[in-house]
Structure formats: structure tokens, C-alpha cells
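Coordinate analysis (summary)
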Amino acid sequence: MTFGRHLSILILGIVLLGNPARNQPVVFPHPLSPRIANYNIAVRYEPLQHTLDGHETLTWRNTSMDAIHNLEFHLYLNGFRNNKSTFMRESGGWARGFQIDKDGWGYTNISSIRISSGENLTHAYQFIQPDDTNSDDKTVINLSLPRPISPGDSMTLMIDFKARLPEPPFARSGAKEEYALVGQWFPKIGVYQNGGWNCHQYHANSEFFADYGVYNVWMTVPSKNIVGATGLEVWANKNDDGTTTHWYHAEDVHDFAWTTSPEFVEFTGSIDNVAIRVLMQPDHRNQGIRHIEAAKTAIDYFHRWYGEFPFPNLTVVDPRRGALGSGGMEYPTFITAGTFYGLPRTMRIPEDVIIHEFGHNYWYFLLGSNEFEESWMDEGINTYTEIQIMHDAYGPEGDGINCGGFKLNLLPYNRMGYINSASLDPTVKKAWEYYSGNSYGINSYSKPGLFLTTLQNYLGTETMRKIMRTYVDRWKFRHPTSRDFTTLASEVAGQNLDWFFDQALYTNAVLDYSVDKVKTVELAHSEGFDFARSPDKEIDSILRTHAEDKDSLKVYRSEVNIRRLGDFKFPVELEVAFENGEKIREHWDGTDLWKKYVYQKPSKLVYATVDPDRKIPLDVNLTNNSKTVDDQTKGIDKFSFRFLFWVQVLFDQPGILNASTFITNLF
Amino acid sequence: MNYLIDGIKSAWHNKKMIFILYAFNLTLGIVVMLPFKTILDNFAGHSLMGKSLADKIDLEFVIEFFAHNQGVSSLLMSLFLLVGTMYWLGELFLSGGAYGILISGQPFSSKTYWEYAGAYWWRLFRLFLWSIPIFAILYSLQFVETAFVRIVFGKDPYGNILFWGSAVKTGLGYMGIMLYFLVLDYAQIFLISNDVHKTRHALWKGISFVVSNFFSTFTLSLILFLIGIIGLLTYNPISGALQSSGGFIVLALLIVQQLYIVFRMLMRIVYYASQTALYKNKIPAPQPQAQEIAPDGSLLEPGLETP
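What comes next concerns the included structure.

**Quick word on the overall build of chain A**
In terms of regular secondary structure, chain A is built from 14 helices and 33 strands. Across its three principal directions, the C-alpha atoms of chain A cover 110 × 70 × 45 Å. When burial is assessed residue by residue, chain A has 61% of its 667 residues classed as buried. Taking all contacts inside chain A whose residues are at least 6 apart in sequence as the whole, residues at least 24 apart take part in 72%. Surface accessibility of chain A: about 25,600 Å² in total, with carbon and sulfur atoms responsible for 50%. Put simply, chain A has 64 plus and 82 minus side-chain charges, and the middle of one group is 2 Å from the middle of the other.

Take a look at the structure:
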């Protein structure tokens, strides 16, 4: 970094940040959010060193009833500062399948902090560790103020910082060669809530929480570079030193990320007054239209099912090869996807990722939930909506993958993860306190996706959509909690749903109902003292009440025992089928440990099954849901024959054809 | 093509060998299948999920099966590896018998077959051990692609280069395996034709034969490979059509599957026989005769008496 470059940032800062309110465009004449944390940031990117030189002006408004004596800030990139940070200790140095290169450490260093009155607070901050005792962690600072900020007042701080992006992109953010995905990059104020600061350290298993505001960001990059960012581009001005400054403006958002690369290939489209811009890698350019179509699908479904997307645009970034650590990530109006050259259309990875990441624009960016403490409220609700949309848009069979006879829906995919580790933790827990990363993933993504789908099947699709729409409408641009969501769900559904959410959110209870026993035997004629040999009154009476079986002279007593094997109590349906084709549906509230049903009919019992319509994907064992009176030899034999065949083929080495034989005969 | 026709004729004359190979394959296959079937039966033998397996494979069921039978996959894998190793050793044994019959030109008889199998097994096993470095070299052919991409496109090639490069790499990998088996097969033929005990020498002869007759050996192998592909393409739609749950369909699927396995065994004998025909044509050599097997398993020169 030369003196000239420092000077250019300074001049830029003076010119552009002197009175940003006077210059900035207006997207929403009436603010959508409380606009508590408002940032103007001028930053210059050095592509060779992957460093950022930034000057941040933060105007923070005290909306609490307390006088604020100190501020807390996140310095997220310090999570990659060394191998002793809390992030690196918890992750073991791995995130999203990537490790930081030997010299690829990232950081954020604050060089000065001043307040608008000119007082220098550079030495008034200290690193704190609110979540653990790791004194090596430098991802949160506490800044003591010379005088308190009174309720309703604002304070403006000028912060100069230098940051370096990790290489390769690691845990969402970073740089690889000419490409950079710049996320969690600037000193970001925490959320003052309930009489204290909610400003957690950067953990391996956690995402974020922030207050809404207005962002003006001036990014200076080499002129050959293309830039994409949160919000709208106001202008791009070429500088004399071969760089260009891009001004982006975003209102009522609580984060800001951007990307730059000289190699991006740009595609555009629009739907429902939302302009879509896709920045593809050159080797993926033939998938540009596919990405546009996926983004349109996402916007269209969310718009119709969950409410209006208020922002005018969306940018989708295709991460560079070797930089997938920055893929599949969400920022306001700006998401990253991820694909591969040659990926067939029937493997809907980009579609799924785009629908998922766009979903965060509702469940995290319209609804400012706390991902540190209640990650399911973003990832879990988002997984649920992702399952629904993928099923409707690309289902009913193979909505995730439908390739060469291999069909995979997202719902069973999510069950696959869940049923293996269903009871490790309750859903609601601080993100870094789960039993393992796997348990965090299951409880933040899969389990909520499954229990909300179960709830939808219980309440009905329309009621569930009404709940979600009302949730968006009532809580947008605020900070809802789990209790806010569950209270609202009960209100909209018109019934108290605490019995469901208390189990699903706050316990590790597993849902498992089974048909334990089925029995069908011919009803014996009454014998012994007090009974004449014939006619048998009981049998005659049963035969008379089943006039449709007029040819039958026998009566069968059939018994079905169903059990609740898990702690999760949920009402279930039971279907009991008889030889004459009759099917009976029973409803059980599911609270006792077991229930027995007895039938006396002129027809034999064939099978009994709980949840016959598969409405309860949260059930961890669908195989024990049913029991047949007779052995199911045909199915077992056929599957065993297939297995035998695969073994025989695999044995027959050298089998150059083996791999293809195996795959093409699997399904 | 003449070698192929000779091979088919020869395989037909010795068709009992096909059924020996098939019976062996089926028996060991059943050894692995039976525990699996028992576990499956216990898990889903009275469930509608088990019933639905008669229609098609339900991925959700497969997921549940392994989730609720933890340890089964490792048990099956261990069993597969154990029985697979036994199968491979047994196949080496059986191939000795087959080559012995085909090279000697004698009509098949059980006695002769098993005598040849016993006489050559240990040497064929040693030959295989010596061939492992050859396998390593030929299998490494595919890394030519890796080197090429690194030199031409650097450490950070675009995705399309990696994609097509990996296709080429896979092709080279297959090619390497084919070449390895060519070498091993002709080394086996040399060993049995000449009744040599020095297996390294046989391996070298196999290599030099393949190199000096590359076009004919490789073409023959390729034709048989393509016939195998045609067999696969014929089998797949037939088995794919047998998806319903009727008892007859289940039986029909089993028959079609087993016919396909028999076809593979037929192709294996045709392969042995065609290669033998080619070898004999290129290098007429003294051929072993069944009655000249010594008690120690080695073959005697014609006319010499057993001491």
C-alpha cells in the first residue's frame, strides 16, 4: 500500500462521506426497518495481497431505553487470524471442505476509531470473549465511550481498518487468485437487546445477527474487474490509477457483501419487478441461463407463497473453481450458488442452492432472527420452504436428482441425515453448544425441515402458508424469536400448538409410531356350559351386520396393536385393511404408550399401517409403521435377488463392465 | 475374427466349464446374499415397505434399512471382501483348469479339468504376484493425463479442462486395466503351454507376446469387450422392464439375471479360448497332455515316464 493510495481513500472518504445523506439515492421513501446501524464505507481492494483498506463511518442509533456506555463490534475475519481463534479451534481448521492455505490467514486490524466530535477512541477498545475463555480469540471488541448515548440519540464513529481475506475462500468468505468474495469484512456493530449487547464470537457452527440500516459502500478495484454487491449500483467512476470505484447503495438490510473478478460473465433477467443479475465463471457460462431460470423460480415461489420481496434486485454469484468455500451463501439481495462444468440438468444442485440461498432473503434478511442462538429460525424454516418449492417446481419424483433412473427428493434426503442422529440435541440451542457439527446441521436444517413439513401435513397446506405469510408480514425487519414464531403459528392456526413446538424445539424427543402386532383368527363358536352348539348368536349377529359379505360363513377376530416408541407425542391415523378390500381408518391421539384395536368381521385382516398417507416425515422409522399378516416374500426375494446379482457381477473380475452394470441396474 | 470363431467353437465344445464357473460364482454369491436376506427379512418381512420392494427399489427404504441396522453395511462389506478374496483365488484355480483343457485341445472331462486346475494353481498365483508391478505401471497410464494437464494448463485449469481430462483419464485407466489383463492372460497361456515353473519368465514372455502382436491381441480383446457391451445393452432393458410385483415377474427377473451371469461366464471361456487360438497360431508350441501330469503336479515331457 503506497501513500498515494492512502491519500486517494482519504479524499474519497471526505468527498463521499462528508454528507452521504445528501447524495445517496432513495429506494424506499418510507423506511422499511428501524435503520439502527447505518454504514458508509470506502474500501480499496488489493487483488495481489487480497487486502482491504477501509474507512467506515457508522451511525448508530440507540433505540433502547438505556443509556449506552460502550459498544461491541464483530471483527469476523479475525476468526481466520491464526489457528488459535475460537473458529479455528472449533473447526479443526476445516470449513466447508476447505483448509486455509499455509499463508492464507485473514484478519481485521483497526487502525483508528474516532467519534464525530473528533475524539480519538483508538485505544479505548479491548478484545473480549463473551462465549468462551479463549483469550486468543479476537473476533469481538468492546469500545468504551467517553460519554453515554442516551435513548433516542445517535453516535457517529469513523473507523479505519485494514483487512485481509483468507485464501482460499474459507467459511463463506475469502479470495482465490483473481476472485474474491468479500463477506463479514468490516467492523460490524452488535445488537443491543434486552439490556445488553448481543455480540457473539465467530464460531465454526454459527452464522450471524445484526441490526438493519442503510449501507453506502464505495469499492475501488482494478478497472478490468467486474463487481457485484448487496443493493444497487449508483455509479462506477474510473480513477487515474487504473482502478474504478463502484458505489453501491442498500436500504433496510443488515449486512453487506460483495464480489469482484475480471473473469465474470454476466447474465440478466427479471421477474415480478426484481432484476436478476448472474455472475458466472467463464467455464460455467453455458449454465448462465439455467441460473437465471432458477432465480426466477425462487423469486416467483416466495413471492406467491410467502409474501412480496420488497427489494428491486438480486445478484447471484457463481464461485470460482477452487473457491467453493464461498459458495452456497446468503447476503441481502446477493447470494452465491455453486456448480460444476458438465453438471446435467437432471442434477438440480444449482437450482436447489439458489432456491435455498434466496430463501434466506426472507427468513434471515426480512426476518432478522438470531442465527447465533436460534439457527433453526433461518436455516430450518428455509429448509422447509426449500423442500416445498423444490417438490412443487421439480417433483413429484426426483425433485433433487432425477438422473439415469436415480431419483432423490429433498424430503428423504433430509430424513437421511436426521434419522441417524435424531436425539443428540434439542433444536433450540446456541449454535456452538451442539454435541457436534453434525448435530448442529441436523437441528438447524433437517429436523426443522421435517417437523415443519409434518406440521404442514397436520394443519393443511393453506393454513401453513398463511402462518408463514403472516410471520413474514408481522415480523419483517424486526428480530423475532422462536416464541414469537410459535405464538403466531398458534394464533393463525386457531389452535394452541405449544404441545407440538415444545416437543419439536425444546426437547430431543424422537417421533416413532409402530404397528407392533397384527393377528387374525377365525372366531370360534361359543362352546361349553351355557352355550348351545348352534346356531351361534354372536357369529350370526356379526354376519348379519356385514350383509355385503353374504357368501362368508366365517367370522374372524382381528387385533392390531400400535405403539408409541419415541417420546414425541403426535396424533396418528391407522389404516386397517381386510381381505375383502375394506379399509378402516382410525384416529389415535398418540399420547399413551400403546393402543389395541379389535375387529370381528367376516373377512381376514391383511395389514395395518400407521400414517398411511406418509404425512409424518418426522417419524424416524417408516418400516415399522406397518405390519402385514402374511410374509412379504415377493418383495424381500426380489430385493435379495438383485443383491445376489450385484454380488455375482462384482465377483466376476476382471469386469471392465462391472461399474456400469452395477449402476445401471441399481434402480 | 477367426480366433473369435475358433474360441466360440472351443467354448461350445467345453461348455461344462461355463457351468463350473457359473456354479462357483452363484455359490459364493449366495454365501454373501443369505445373511443380507435374513437381516432384510427380519427388518421388513412383515412391513408394507418390504412389500413395496417387489415393485422397485425405494431409496427411502434403503436409507432406513442401513440407519436402523447400523453395523450391517460394515458386516456385509467385510463378508464381501472375505468371500471376494476366496472367489478370486478360486477363479485362479478354475482358470488353470480351463486353460489346461483349451491349450491341450483335449475334450473336457472333469478329471482332466481338476487335474490341470490343481497342477497350475500355485504357479498362476505366483505369476499374479509378480504381475502386480506391471499392473501398477499400466494403471498409472492414466496419470499421463494429469501430467499433461499440469504442463499445458498449469495448476489451476478451468472446469471444462478438468471435466474432459477426467474422461480421458478414465479411458486411460480402463485401457491400462485391459492391457494388464492381456499381459497376464498371455503369460498364463505361455506358462501352461510350456509348463514352465519360472513365473517371472512367463510374465516376460507374456509382455513380449503382447508387444510383438499388439494389434491382434488388442483387437481381439476389444471385440470381446464390445460383445460384452452388447450383452449388457440387451440385458438392461429386459431387466428394467421386469419391475412389477407379480410372482412370475420376480421369477423372470431372477432367470434373466442368472442368464446374464451365464453369458458373462460364456464370454470368459470364449475369451480364454480365443486367446489360446491366437497364441497357438502365432507360436506353435508343445502342448500339455492330461495323461502326462506327474504326481507332484508338474507336467512331463511326452514320452517320459513318471519316476
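**A look at the environment of E573 of chain A**
All names here are of chain A. Its place among the elements puts E573 in strand β29 (residues 572-578). Once residues lying within four places of it in the same chain are set aside, the contact partners of E573 are R585, E586, H587, T609, V610, D611, P612, D613 and K615. Among the polar contacts listed, one links the side chain of E573 to the side chain of R585, at a separation of 2.9 Å. In terms of polar contacts, E573 uses its side chain to reach the side chain of H587, at 3.4 Å.

**A few points about the sheet that holds strand β17 (residues 232-238) of chain A**
Residue and element names in this part refer to chain A. Overall, mixed pairing links the 7 strands, which are arranged β6-β9-β2-β1-β15-β18-β17 in an open sheet. Of all the strands in the sheet, just β6 (107-115) and β17 have a single pairing partner and so form its edges. Each adjacent strand pair in this sheet contributes to an overall mean axis angle of 15°, direction not counted.

**Some thoughts on the pattern of salt bridges**
A full pass over the atoms with the stated rule returns 38 salt bridges over all chains. With its nearest N and O atoms 3.9 Å apart, the salt bridge here joins R44 of chain A to E46 of chain A. What makes R44 of chain A buried here is its relative accessible area of 4%. Overall, E46 of chain A belongs to the buried group, its relative accessible area being 11%. Between R415 of chain A and E64 of chain B there is a salt bridge, with the nearest N and O atoms lying 2.6 Å from each other. In this pair, R415 of chain A is assigned in helix α7 (residues 410-420) and E64 of chain B in helix α4 (residues 59-68), connecting two distinct chains. The class for E64 of chain B is buried, based on a relative accessible area of 0%. Through salt bridges that share partners, E178, R320 and R321 of chain A together with D156 of chain B make up one connected network.

**A few points about the environment of S47 of chain B**
Inspection of the secondary structure assignment puts S47 of chain B in the loop between α2 (15-44) and α3 (48-52). As for S47 of chain B and A119 of chain B, which are separated by 72 residues in sequence, their C-alpha atoms are 52 Å apart. Setting aside residues up to four positions removed in sequence, S47 of chain B forms contacts with T623, S626, T628 and Q632 of chain A. Polar contacts involving the side chain of S47 of chain B include one to the main-chain amide nitrogen of M49 of chain B, which spans 3.0 Å.

**Some remarks on α7 of chain A**
Within the sequence span of α7 of chain A, burial applies to L410, P412, N414, R415, Y418 and I419 of chain A. Of the surrounding elements, those touching the buried residues of α7 of chain A are α5 (349-363), α6 (379-394), β26 (406-408) and α8 (437-459) of chain A together with α4 of chain B.

**A short note on a negative patch on the surface**
Among the surface-exposed residues, E579, D630 and D631 of chain A together with D41 of chain B lie close enough to one another that they form a single negatively charged patch. Inspection of the secondary structure assignment puts D630 of chain A in the loop between β33 (626-628) and α13 (633-651). Residue classification places D630 of chain A among the exposed positions, given a relative accessible area of 56%.

**Overview of the nonpolar core**
In terms of nonpolar packing, the biggest core is built from 174 residues, with W60, L71, W185, W258 and V560 of chain A touching the most fellow members. Core analysis: the second largest hydrophobic core is formed by 91 residues, L644 of chain A together with V210, I249 and V270 of chain B among them.

**Topic: the sheet that holds strand β19 (residues 258-261) of chain A**
Residue and element names in this part refer to chain A. Reading across from one edge, β10-β11-β19-β16 is the order of the 4 strands in this open sheet, with antiparallel pairing throughout. Each having just a single partner strand, β10 (174-176) and β16 (226-229) make up the two edges of the open sheet. Strand-to-strand, the axes of this sheet are offset by a mean angle of 10°, without reference to chain direction.

**Re the interface of chain A and chain B**
Taken together, the contact between chain A and chain B spans 63 residues of the former and 77 residues of the latter. For the pairing of chain A and chain B, the buried interface totals around 6,200 Å² over both sides, and the portion due to carbon and sulfur atoms is 64%. At the boundary of chain A with chain B, the tally comes to 8 salt bridges. Residue E60 of chain B is joined to R415 of chain A by a salt bridge in which the shortest nitrogen-to-oxygen separation is 3.3 Å.

**Focus on the packing of aromatic side chains**
Scanning all chains against the criterion turns up 89 aromatic pairs over all chains. Plain terms: the ring middles of F108 of chain B and Y113 of chain B are 5.6 Å apart, the flat faces sit at 50° to each other, and that makes the pair tilted. Y113 of chain B carries the same exposure label as F108 of chain B, and that label is buried. We note R304 of chain A situated over the ring of Y301 of chain A; from NZ or CZ to the ring centre the distance is 4.7 Å. If you follow K595 of chain A out to its NZ or CZ, it ends over the ring of Y597 of chain A, 5.4 Å from the centre.

Rules used throughout
Residues numbered from 1 in each chain as written. Chains lettered and ligands numbered in written order. Predicted model: local features only at pLDDT ≥ 70, side-chain atom pairs only at ≥ 80, totals over all residues. Heavy atoms only, no water. Helix = DSSP H or I, 4+ residues; strand = E, 2+ residues; numbered from the N terminus. Buried < 20%, exposed > 50% of the residue type's maximum accessible area, 1.4 Å probe, protein only. Contact = heavy atoms within 4.5 Å. Areas by Shrake-Rupley, 256 points an atom, 1.4 Å probe, with all protein chains shown as cover. Lys, Arg positive; Asp, Glu negative; His and termini not counted. Charge placed at Lys NZ, Arg CZ, Asp CG, Glu CD. Polar contact = N/O pair within 3.5 Å; in protein donor to acceptor, adjacent residues only side chain to side chain. Pairing = 2+ DSSP bridges. Axes fitted to C-alpha atoms, helices over the stretch in contact; angles between N-to-C directions. Salt bridge = Lys/Arg side-chain N within 4 Å of Asp/Glu carboxyl O. Patch = residues over 30% accessible without salt bridge, like charges linked within 9 Å, V, L, I, M, F, W, Y side chains within 5 Å. Core = buried A, V, L, I, M, F, W, Y, C linked by side-chain atoms within 4.5 Å. Buried area = accessible area lost by both parts, 1.4 Å probe. Phe/Tyr/Trp six-rings, centres within 6.5 Å; stacked < 30°, edge-to-face > 60°. Lys NZ or Arg CZ within 6 Å of the ring centre and 35° of its normal.

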